[in-house]
Amino acid sequence: MIRVALPTAASAIPRSISTSVGESISKNQEEEIKRVWRKADAVCFDVDSTVCQDEGIDELAAYLGVGEAVANVTRTAMNGNARFREALAARLQVMKPNHEQLEHFVNITKPKLTVGIRELIGRLHARGTHVYLVSGGFRRLILPVAELLGIDKSRIYANEILFDKQGNYHGFDTSELTSDSGSKETGKPAVIALLKRKYQYKTVVMVGDGATDAEAAPPADAFIGFGGNVVREGVKARAKWYVTDFDVLRKDLEHDDSDDE
């Protein structure tokens with residue numbers, strides 16, 4: 001009689017096979033996001049640290065001479081898990097930009113576009129894909145960015161700083177969807193839901209570097225994490241497809257989905 005040694009329960013599944021299964025699941029998830037990306041009829045991009053290399057509110061704060069003070073307020077707000085709207089209000093209260101200061105800053109500052117974004121958006125436009133800029137930043141700072149990228153100002157969803165009749169800071173418009181986050185009724189999820197209702201888009205993709213971008217899916221059909229300017233590990237962990245170069249997204253648009261069938 002021939003005796004055959006059977007593996008014990010603990011060793012029944014070799015570690016290498018188990019790892020391969022995990023990698024296979026991850027790869028399949030990435031491929032699914034890629035298929036959604038290629039058929040998107042609308043793409044929403046975050047602006048700060050995504051479309052642009054820097055953070056607009058930080059640059060404005062530095063121009064106003066309160067960069068470090070605003071950074072301290074931001075850290076305090078984040079450590080206390082403050083809502084986005086509360087953190088935004090606290091930072092603006094330190095900055096209190098008047099209308100003249102804001103306009104001067106915009107006029108002397110050239111947007112620092114992320115490498116490859118101009119070509120990517122140009123390719124999306126050529127395909128007939130509608131492109132939106134969806135940001136928790138300020139519309140006035142984003143308008144020059146949109147102009148450089150050939151995006152109509154009606155496709156900007158961002159926050160609005162308010163001024164009184166003398167041009168002094170008078171708060172911000174809390175009716176803007178982007179003035180808060182943390183639920184599907186506010187922030188980027190609400191913007192994408194609005195776009196779907198208003199324009200009947202079948203497939204919308206959100207691209208960004210932050211947690212407020214990741215929370216947009218759903219209702220976004222896919223979220224693509226971007227780490228070309230700053231890598232946020234929590235966001236990277238949540239993204240089924242994470243890229244650090246916009247050329248990766250542009251080149252993937254050349255892929256023929258029939259190859260997958």
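Residues numbered from 1 in each chain as written. Predicted model: local features only at pLDDT ≥ 70, side-chain atom pairs only at ≥ 80, totals over all residues. Heavy atoms only, no water.

Undergrad: Which parts of the structure should I look at to understand the pairing of strand β5 (residues 169-172)?
TA: Along any regular strand, the residues point their side chains to alternate faces of the sheet. Pairing between strand β4 (residues 161-163) and β5: 2 bridges, direction antiparallel. By the bridge assignment, F163 is partnered in β5 with Y169. Joining the antiparallel neighbours β4 and β5 is a turn of 5 residues, in which G167 adopts a positive phi near 85°. (Pairing = 2+ DSSP bridges. Helix = DSSP H or I, 4+ residues; strand = E, 2+ residues; numbered from the N terminus.)

Undergrad: For this particular structure, what's the right way to read the packing of aromatic side chains?
TA: The description of an aromatic ring pair rests on the distance of the ring centres and on the angle between the ring planes. Scanning all chains against the criterion turns up 6 aromatic pairs. Relative to F246, the ring of F226 has its centre 4.0 Å away and its plane inclined at 0°; by these criteria the two rings are stacked. Placement of the pair is F226 in strand β7 (residues 222-226) and F246 in helix α12 (residues 246-252), with a sequence separation of 20 residues. Both residues of the pair, F226 and F246, belong to the buried class. (Phe/Tyr/Trp six-rings, centres within 6.5 Å; stacked < 30°, edge-to-face > 60°. Buried < 20%, exposed > 50% of the residue type's maximum accessible area, 1.4 Å probe, protein only.)

Undergrad: It is not clear to me how unusual backbone geometry should be interpreted in this structure. Could you clarify?
TA: With an omega of -10°, the peptide bond between A217 and P218 qualifies as cis. Cis geometry is found at the peptide bond from P218 to P219, where omega equals 15°. For Q200, which is not glycine, the phi torsion reads 60° and is therefore positive. As for its placement among the helices and strands, Q200 is situated in the loop between α9 (187-199) and β6 (204-208). You can call Q200 exposed: its relative accessible area is 59%.

Undergrad: Sorry, what's going on with the UniProt feature "active site" (unreviewed entry) in the chain here?
TA: Taking the UniProt record as the reference, the feature "active site" (unreviewed entry) is found at D46 and D48. When you line up the elements, D46 lands in the loop between β1 (42-45) and α2 (47-51). What makes D46 buried here is its relative accessible area of 6%. Here D46 is in contact with V51, V134, S135, K188, M206, V207, G208, D209 and D213, once residues within four sequence places are set aside. (UniProt positions renumbered as here; feature names shortened; annotations may be inferred. Contact = heavy atoms within 4.5 Å.)

Undergrad: Sorry, what's going on with helix α7 (residues 117-126) here?
TA: Note: α-helices contain 3.6 residues per turn, so residues at a spacing of three or four share the same orientation. Those residues of α7 that fall on the buried side of the exposure criterion are I117, L120, I121 and L124. Along the axis of α7, the buried residues cluster in a sector spanning 90°; they form a single face. Phi turns positive, to about 85°, at G128, one or two residues after α7. (Arc of directions from axis to C-beta.)

Undergrad: What is the right way to read the environment of I121 from this model?
TA: Tracing the chain through its elements places I121 in helix α7. If near-sequence neighbours (up to four positions away) are discounted, I121 is found in contact with F45, V131, L149 and I151.

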